[in-house]
Amino acid sequence: YAGVRADIALMFYGDKLGMIRITFDPDDFYTVIDSLHKKFGEPATRKSKTVTNRMGAVFENQILEWMNGSATIRAKKYASRVDKSSVEVFIDSYVTEFNKRDNAKTDRGSMDM
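Residues numbered from 1 in each chain as written. Predicted model: local features only at pLDDT ≥ 70, side-chain atom pairs only at ≥ 80, totals over all residues. Heavy atoms only, no water.

## What about the overall build of the protein chain?
Then, number 1: Each helix and strand in the protein chain was counted, giving two helices and six strands.
Then, number 2: In the protein chain, the order of α-helices and β-strands from amino to carboxyl end is β-β-α-β-β-β-β-α.
Then, number 3: With 113 residues in all, the protein chain has 27% of them scored as buried.
Then, number 4: On the protein chain, roughly 7,800 Å² of surface is accessible, and the fraction owed to carbon and sulfur atoms is 51%. (Helix = DSSP H or I, 4+ residues; strand = E, 2+ residues; numbered from the N terminus. Buried < 20%, exposed > 50% of the residue type's maximum accessible area, 1.4 Å probe, protein only. Areas by Shrake-Rupley, 256 points an atom, 1.4 Å probe, with all protein chains shown as cover.)

## Side note on the packing of aromatic side chains
Then, number 1: According to the stated counting rule, one finds two aromatic pairs in the structure shown.
Then, number 2: Centre to centre, the rings of Phe29 and Tyr30 are 5.3 Å apart; their planes meet at 80°, and the pair counts as edge-to-face.
Then, number 3: You can call Phe29 buried: its relative accessible area is 1%. (Phe/Tyr/Trp six-rings, centres within 6.5 Å; stacked < 30°, edge-to-face > 60°.)

## Observations concerning the pattern of salt bridges
Then, number 1: Counted under the stated rule, the structure contains five salt bridges.
Then, number 2: Where Lys38 meets Asp34, a salt bridge forms, and the shortest distance between an N and an O atom there is 3.2 Å. Within this pair, Lys38 and its partner Asp34 are both found in helix 1 (residues 29-40), separated by four residues, close to a single helical turn.
Then, number 3: A relative accessible area of 37% places Asp34 in the partly exposed class.
Then, number 4: Glu42 is paired through a salt bridge with Arg46; the nearest N and O atoms lie 3.1 Å apart. Both residues of the pair, Glu42 and Arg46, count as exposed. (Salt bridge = Lys/Arg side-chain N within 4 Å of Asp/Glu carboxyl O.)

## A few points about the nonpolar core
Then, number 1: Ranked by internal contacts, the top residues of the largest apolar core, which has 14 residues, are Phe24, Ile33, Leu36, Trp66, Ala75 and Val87.
Then, number 2: Secondary-structure elements contributing two or more residues to this core are strand 2 (16-24), helix 1, strand 4 (58-67), strand 5 (71-76) and strand 6 (85-91).
Then, number 3: Looking at this core element by element, the count peaks at four residues for helix 1.
Then, number 4: If we ignore the near neighbours within four places in the chain, the residues touching Leu36 are Tyr1, Gly41, Trp66, Ile73, Ala75 and Val87. (Core = buried A, V, L, I, M, F, W, Y, C linked by side-chain atoms within 4.5 Å. Contact = heavy atoms within 4.5 Å.)

## Digging into the sheet that holds strand 1 (residues 6-13)
Then, number 1: With antiparallel pairing, the six strands of this open sheet are ordered in space as 1-2-6-5-4-3. Because the sheet does not close on itself, it has two edges, and the strands there are strand 1 and strand 3 (45-52). Here the average twist between neighbouring strands, direction ignored, is 15°.
Then, number 2: Relative to strand 4, strand 3 runs antiparallel, the two being bridged by eight bridges. Along strand 4, the bridge assignment pairs Arg46 with Leu64.
Then, number 3: Docked against the sheet, helix 1 engages strand 2, strand 4, strand 5 and strand 6, running at close to 20° with respect to strand 4. (Pairing = 2+ DSSP bridges. Axes fitted to C-alpha atoms, helices over the stretch in contact; angles between N-to-C directions.)

Shown next, in the form of structure tokens:
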């Protein structure tokens, strides 16, 4: 992806693609971000927050998002671990449907009490 070695996972909801997750080495983060910037322009949002690993080391995480009305692209310098960066593409209709179903589960669960 963007010329770097990456793992790609596709998530489906029924027969529709809902999300793409691309993970890669954090050393390649700026190469990937440069490619996204060239393709999609400036990100809509930029956030920075600190993350701490199990050994107590602190890292500055960068999170950038691009949105176009049908999908959201989120890039994280440190994804679930500090040795993995990620780019996730969320299909907006998938996220809406997922949230509806998740809320329905929560509502049903609260009625069971």
